[in-house]
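Structural characterization, general
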Amino acid sequence: MSTTVTPGGPVAEIAQRLRGGFRGALVVAGDPDFHEQRAVWNGSIDRRPGLVARCAGTDDVVAAMRASAGYDVPIAVRGGGHSFPGHSVCDDGLVVDLRPMHRIRVDPEARIARVQAGALIGELDRATQAAGLAVPAGIVTHTGVAGLTLGGGIGWLMRSLGLTIDQLLGVELVTAGGDVVHADEAENAELFWGVRGGAGNFGIVTEFAFRLNPVGPVVLAGPVFWPMEQSPDVLRFYRDWIAEAPDELMTIVIHRRAPALPFVPPELHGRHVVAVVCCWAGALDEGERVLRPLRSFGSPVLDLCEPKPYVDHQSMFDPSYPHGWWYYMRACDVGGLSDAVIDTTVEHAQRIRSPRTAFPIWQRGGAAARVDDDATAFHGRDAGFTFNITAATDSEEGFAEEREWVRDFWSALQPHHTSVYVNFLMEEGPERIRAAYGAAKFERLQALKRRYDPDNRFRLNQNIAPA
Ligand SMILES: Cc1cc2nc3c(=O)[nH]c(=O)nc-3n(C[C@H](O)[C@H](O)[C@H](O)COP(=O)(O)OP(=O)(O)OC[C@H]3O[C@@H](n4cnc5c(N)ncnc54)[C@H](O)[C@@H]3O)c2cc1C
């Protein structure tokens, strides 16, 4: 355990209180791994916490909350560190780092996975697929299970199995006061309702229990690319083609400049392209039949859709969103891909400058849309599509221009906005957070916040203030 704590100040006092009984590591400025431990996925976030408490188990999380009680210091809770606005790190305060807690226990007979809150999506996929099972989760494997689940969780399996929270059976959570509680449909049911979409506002979840379902292990999946000039026709065809798509099919449309990756022919590198990325999680011959019209539409320049292990498809986007690049994102849901939405999309996509920028449009609907909207805190199950307008640059160079592109594009879509997914919010202010839940749910969440975190100790998140 590191012990070089800067003398003086409340955070140093907290570190002092923790020393002795804390099983994990206490990391402070000056320690050799301080910079590694404070870095988050988004390279544009540069914050220096007073103390990173790397928790080895629930007892360490309890200790951190108790030791910091009575101090008015910012508390950041860190799962995978993929919060776009950098909510899992703070200046001067305490980071409760859950990364060392990433044990996953799979019970194939009972079809339940017990997942500690520091686990990453890729770890969950590998552990569950070893038994031919899966939890519907996100599409980049280095994202944290915790933050993703607490916001809802959309991904390749959401049209067949629902959101990540739709397979959540229960949680263990440490409250603001340092108590350990369980929440599921039978015990603390209102808390369980709020945890499923409430974005970490009510406590630190230390363990998730998920229901498992058979998936793959082979799926028919991958991208089909066209030159971006064909995007107006491709998107109109796509809109009609997926209107009656079976739940086994999930698609994401990507506009970008073709990456210089080994599987992309060199003549395409840097060219503006549109891709429809598919994941068919059903019988393969049926998938070949369903996907045929898309793959033969127009003149695709590259078709990488093929049978492959589900875990391989899950990591397909990993190289497009690595740690450390500078990212900015604005998001919205729209009801459908009307001609006006398509025209706005194509107009802005053509202006992408950075070779790192790749923005997804997510197909929604299917099983996730059939769950009663009031069943969980997550809002916006009836969305038609989710625009996740993400820009990326290697470093600060060119970042401001690309960020402006995101804002312009998002504003141009404003007449079509319906809901917004809480995990795709930046620092956009209380009104946008309220909009992410709708007024009625927001008030219900505020009541829960008053009960579980009346002093708003957990405020580095998409915050539901108690008052
Ligand atoms: C590259 C990338 C890909 C993504 N893909 C998807 C996707 O496919 N589907 C999708 O739905 N979302 C996706 N997202 C959004 C993602 O769900 C959110 O960014 C999510 O918050 C990340 O969780 P994390 O644990 O990695 O992040 P962190 O930054 O560690 O945490 C995010 C927020 O949750 C809080 N939190 C974390 N752990 C806990 C806990 N155990 N208890 C209480 N609060 C906690 C943090 O304090 C913070 O406010 C993606 C994000 C990125 C950057």
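Refer to the structure printed above.
The rules behind these values
Residues numbered from 1 in each chain as written. Predicted model: local features only at pLDDT ≥ 70, side-chain atom pairs only at ≥ 80, totals over all residues. Heavy atoms only, no water. Helix = DSSP H or I, 4+ residues; strand = E, 2+ residues; numbered from the N terminus. Buried < 20%, exposed > 50% of the residue type's maximum accessible area, 1.4 Å probe, protein only. Polar contact = N/O pair within 3.5 Å; in protein donor to acceptor, adjacent residues only side chain to side chain. Contact = heavy atoms within 4.5 Å. Near = heavy atom within 4 Å. Areas by Shrake-Rupley, 256 points an atom, 1.4 Å probe, with all protein chains shown as cover. 1 Å grid on protein atoms, 1.4 Å probe; cavity = no way out; pocket = protein on both sides within 12 Å on 5 of 7 lines; lining within 4 Å. Sits in = over half its atoms within 2 Å of the grid points. Salt bridge = Lys/Arg side-chain N within 4 Å of Asp/Glu carboxyl O. Arc of directions from axis to C-beta. Pairing = 2+ DSSP bridges. Axes fitted to C-alpha atoms, helices over the stretch in contact; angles between N-to-C directions. Points joined across faces, edges and corners; volume = space filled by probe spheres on them.

In this section: the side chain of T376. Of note, T376 is situated in the loop between α12 (367-370) and β19 (385-393). The class of T376 is buried, set by a relative accessible area of 2%. Within the local environment of T376, its side chain forms a polar contact with the side chain of R381, the two groups lying 3.2 Å apart. Setting aside residues up to four positions removed in sequence, T376 forms contacts with I165, W193, R196, R381 and K441.

As a matter of local geometry, the ligand sits amid 35 residues, with V77, G79, S88, I154 and Y421 nearest to it. L148 places a main-chain nitrogen or oxygen 3.4 Å from an oxygen atom of the ligand. Protein chains shield 96% of the accessible area of the ligand, which is 950 Å² for the free molecule. Using a 2 Å cut-off from the grid points, one finds that the ligand occupies the largest cavity. The set of elements that each furnish at least two residues to the shell around the ligand consists of β3 (75-78), α5 (145-151) and β10 (204-211). Broken down by element, the shell around the ligand gets its largest block of residues, 4 residues, from α5.

A separate point is the pattern of salt bridges. In the structure shown here, the tally under the stated rule is 29 salt bridges. Here R364 ties to D333 by a salt bridge, and the two come within 3.7 Å at their closest N and O atoms. Of the two residues, R364 is situated in the loop between β18 (358-363) and α12 and D333 in strand β17 (residues 326-334); the sequence distance between them amounts to 31 residues. The two residues R364 and D333 agree in class, both being buried. With a closest N to O distance of 2.7 Å, R351 and E347 form a salt bridge. Overall, E347 belongs to the partly exposed group, its relative accessible area being 39%.

This part takes up helix α9 (residues 284-295). Among the residues of α9, those classed as buried are G287, V290, L291 and L294. The buried residues of α9 occupy one face: seen down the axis, they fall within an arc of 90°. In α9, the exposed residues that point more than 90 degrees away from the buried face are D285 and R292. Buried residues belonging to α9 abut β12 (218-227), α8 (231-241), β13 (249-257) and β14 (272-280).

As a further point, take the sheet that holds β10. Pairing in this open sheet of 5 strands is antiparallel, and the strands run β5-β6-β10-β8-β9 from one edge to the other. Across the chains shown, the open sheet's two edge strands, defined by having one partner strand only, are β5 (104-107) and β9 (180-184). Recorded for the sheet is a direction-independent mean angle of 15° between the axes of neighbouring strands. Across the face of the sheet, helix α4 (residues 121-129) comes into contact with β5 and β6 (112-116) while running at roughly 30° to β5.

What follows deals with the sheet that holds strand β4 (residues 94-97). Read from one edge to the other, the open sheet built from 4 strands follows the order β1-β2-β4-β3, with strand pairing classed as mixed. One side of each edge strand has no neighbouring strand; the edge strands of this open sheet are β1 (25-27) and β3. On average, each strand axis in the sheet is inclined to that of its neighbour by 20°, with strand direction left out of account. Where strand β2 (residues 51-54) and β4 come together, 4 bridges link them in parallel fashion. If you follow L51 over to β4, its bridge partner there is L94. Packed on one face of the sheet, helix α1 (residues 10-18) meets β1 and β2 and runs near 25° to β2.

One water molecule sets the probe size; rolling that probe over the atoms shows where empty space is left. Empty space within the largest pocket amounts to approximately 240 Å³. Elements that contribute at least two residues to the lining of the largest pocket include exactly β12, β13, β14 and β16 (306-309).

This brings us to the side chain of R432. One can find R432 in helix α14 (residues 430-437). What R432 contacts, discounting residues up to four positions off in sequence, is R330, A331, W410, V420 and L425.

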